[in-house]
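The chain contents come next:
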Amino acid sequence: MRISVCILPDRPFPEAAPMWRRAEELGFHTAYSYDHISWGGLPDGAWYGAVPTLAAAAATTSRIRLGTLVSSSNFRHPVPLAQDVMTLDTISGGRFVLGYGAGAPDADGIVLGQGEPGRGWSLKERGGRFRESVELLDQLLTGAPEGRPRTTFHGRHFDAIDARLEPGCVQRPRVPFVLAASGPLGMRTVARYGASWAVTDDADAPRDAELTEASTWALLAHRLESLDAACEAEGRDPKSLGRTLLTGFSPLPTMRSAAAFEEVAGRCAELGFTELVVHYPRESGAFATPAHVLEEIAPAHGGGAGPA
């Protein structure tokens, strides 16, 4: 199992740079960052843009993979996003991973006026926007049919007219997609286009749900069964699709101690997860955990399952 880390973009990069370097030194497989306009978990704190943060992280590191977890069609049009992705892949020397999802009616949507009555998107519309935007991102980043570097696309939600994306990604045919989805259409989109499926460790449970450790594991197992079914519907071998779990949202005691991490990681491996993502410890508030736990579970120190 790969062990990765997520670093929130909540401090000026000169202060954050040592965290990105330390994540690389500790041997984590990928260092991710959130891609939001604002985030409800830190409603009053500093918050910086994911794209320039990851560009700076690419210049600060040399080996660790870098990515968003996740960008979304909430406010990212596929054409400029694809250009940013291509550029980040170039700056990082082919180390970029695009985490991408449908978004949710949360802080980003509220900032953009989608929280007003009659302005928000339904779940069905979010699912449609996700599917269409992934299709367009795939075309843009892979190259139009017959290898042409320009893409024309007419969809219900997004359009691209002779969109030029040159010279393309360093990684061929394009950067890997880590796709977050839980509905039937979203799962089939993951099965068709994803290198890995991403889910939070609360398994997208309703916000008013009272999860326990037992119900969390049961819900994750159910989601994995749905993913396998989507793969079969798309004619894809389920074993060829990675499974990425972002922790820190459920009662699972992942970062309570190194021993607790090993227990959670072992259970995740049994379920079929191939990547476990922990948050870089913060001093207080969201994801505040003892800093020594990150050191103890680090692949470079013999902790965790180590990168594949």
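The present account deals with the structure reproduced in this document. Nothing here was measured: the structure is a model prediction, and the numbers come from that model. (Residues numbered from 1 in each chain as written. Predicted model: local features only at pLDDT ≥ 70, side-chain atom pairs only at ≥ 80, totals over all residues. Heavy atoms only, no water.)

1. Remarks on the pattern of salt bridges
For the structure on display, the rule yields 14 salt bridges. In this structure, arginine 150 and aspartate 162 form a salt bridge, with 3.7 Å as the shortest nitrogen-oxygen distance. Of this pair, arginine 150 sits in strand E6 (residues 150-154) while aspartate 162 sits in strand E7 (residues 159-164), placing them twelve residues apart in sequence. Residue arginine 150 is classed as partly exposed on the basis of its relative accessible area, which comes to 38%. As a salt-bridge pair, arginine 164 and glutamate 166 come within 2.7 Å of each other at their nearest N and O atoms. Classification of arginine 164 as exposed rests on a relative accessible area of 51%. (Salt bridge = Lys/Arg side-chain N within 4 Å of Asp/Glu carboxyl O. Helix = DSSP H or I, 4+ residues; strand = E, 2+ residues; numbered from the N terminus. Buried < 20%, exposed > 50% of the residue type's maximum accessible area, 1.4 Å probe, protein only.)

2. Topic: helix H1 (residues 13-25)
With 13 residues, H1 should cover 18 Å at 1.5 Å per step; its first-to-last C-alpha distance of 18 Å lies within 8% of that length. Considered for burial, the residues of H1 that qualify are Ala16, Ala17, Met19, Trp20, Ala23 and Glu24. Looking at the buried side of H1, the elements it contacts are strand E1 (2-6), strand E2 (30-33), helix H2 (50-60) and strand E3 (65-68). Looking one or two places after H1, you find glycine 27, whose phi comes out positive at around 85 degrees. (Expected span 1.5 Å × (residues − 1). Contact = heavy atoms within 4.5 Å.)

3. Concerning unusual backbone geometry
Here glutamate 166 and proline 167 are connected by a cis peptide whose omega angle stands at 5 degrees. Within the fold, proline 167 resides in the loop between E7 and strand E8 (177-180). Positive phi, normally seen in glycine, also occurs at phenylalanine 287, with a value near 60 degrees. For phenylalanine 287, a relative accessible area of 13% translates into the label buried.

4. Side note on the pairing of E7
In terms of strand pairing, E6 meets E7 through four bridges, oriented antiparallel. Residue pairing for E7: threonine 151 is matched across the bridge by alanine 163. Following E6, the chain reverses through four residues before pairing antiparallel with E7. (Pairing = 2+ DSSP bridges.)

5. Examining the pairing of strand E11 (residues 275-279)
Most of E11 sits out of view: five of its five residues are buried. On E11, burial covers both faces: Glu275, Val277 and His279 on one face and Leu276 and Val278 on the other are all buried. In this structure, E1 lies alongside E11, joined through five bridges in parallel fashion. Paired with serine 4 across the bridge in E11 is valine 277. The pairing of strand E10 (residues 242-246) with E11 spans three bridges and is parallel. Opposite leucine 246, over in E11, you have valine 277 as the bridge partner.

6. Section: the packing of aromatic side chains
Inspection of every chain in the model, using the stated rule, returns seven aromatic pairs. Centre to centre, the rings of tyrosine 100 and phenylalanine 130 are 6.0 Å apart; their planes meet at 15 degrees, and the pair counts as stacked. Taken together, the positions of tyrosine 100 in strand E5 (residues 96-101) and phenylalanine 130 in helix H5 (residues 123-142) put the pair 30 residues apart, joining distant regions of the chain. Residue tyrosine 100 is classed as buried on the basis of its relative accessible area, which comes to 1%. Given the relative accessible area of 2%, phenylalanine 130 is considered buried. The ring of tryptophan 121 carries the charged tip of arginine 129 above its face, separated from the ring centre by 3.7 Å. A cation over a ring is seen here: arginine 174 above phenylalanine 177, with NZ or CZ 3.6 Å from the ring centre. (Phe/Tyr/Trp six-rings, centres within 6.5 Å; stacked < 30°, edge-to-face > 60°. Lys NZ or Arg CZ within 6 Å of the ring centre and 35° of its normal.)

7. Section: the side chain of serine 73
Inspection of the secondary structure assignment puts serine 73 in the loop between strand E4 (71-72) and helix H3 (78-91). Beyond its immediate stretch of four places on either side in the chain, serine 73 contacts Tyr100, Gly101, Ala102, Trp121, Arg129, Phe130, Ser133 and Phe158.

8. Focus: the packing of H2 against H3
Contact geometry for H2 and H3: axes closest at 9 Å, N-to-C directions at 15 degrees. Considered as vectors, H2 and H3 are oriented roughly parallel to each other. Both H2 and H3 take part in a crossing whose hand is left-handed. Along its contact with H2, which presents Val51, Leu54, Ala55 and Ala58, the element H3 presents Asp84, Leu88 and Ile91. Considered class by class, the residues forming the contact of H2 with H3 number six nonpolar, no polar and one charged. (Axes fitted to C-alpha atoms, helices over the stretch in contact; angles between N-to-C directions. Parallel < 35°, antiparallel > 145°, perpendicular 65-115°, else oblique. Left-handed = near helix turned anticlockwise from the far one by under 90°. Nonpolar A, V, L, I, M, F, W, Y, C, P; charged D, E, K, R; others polar.)

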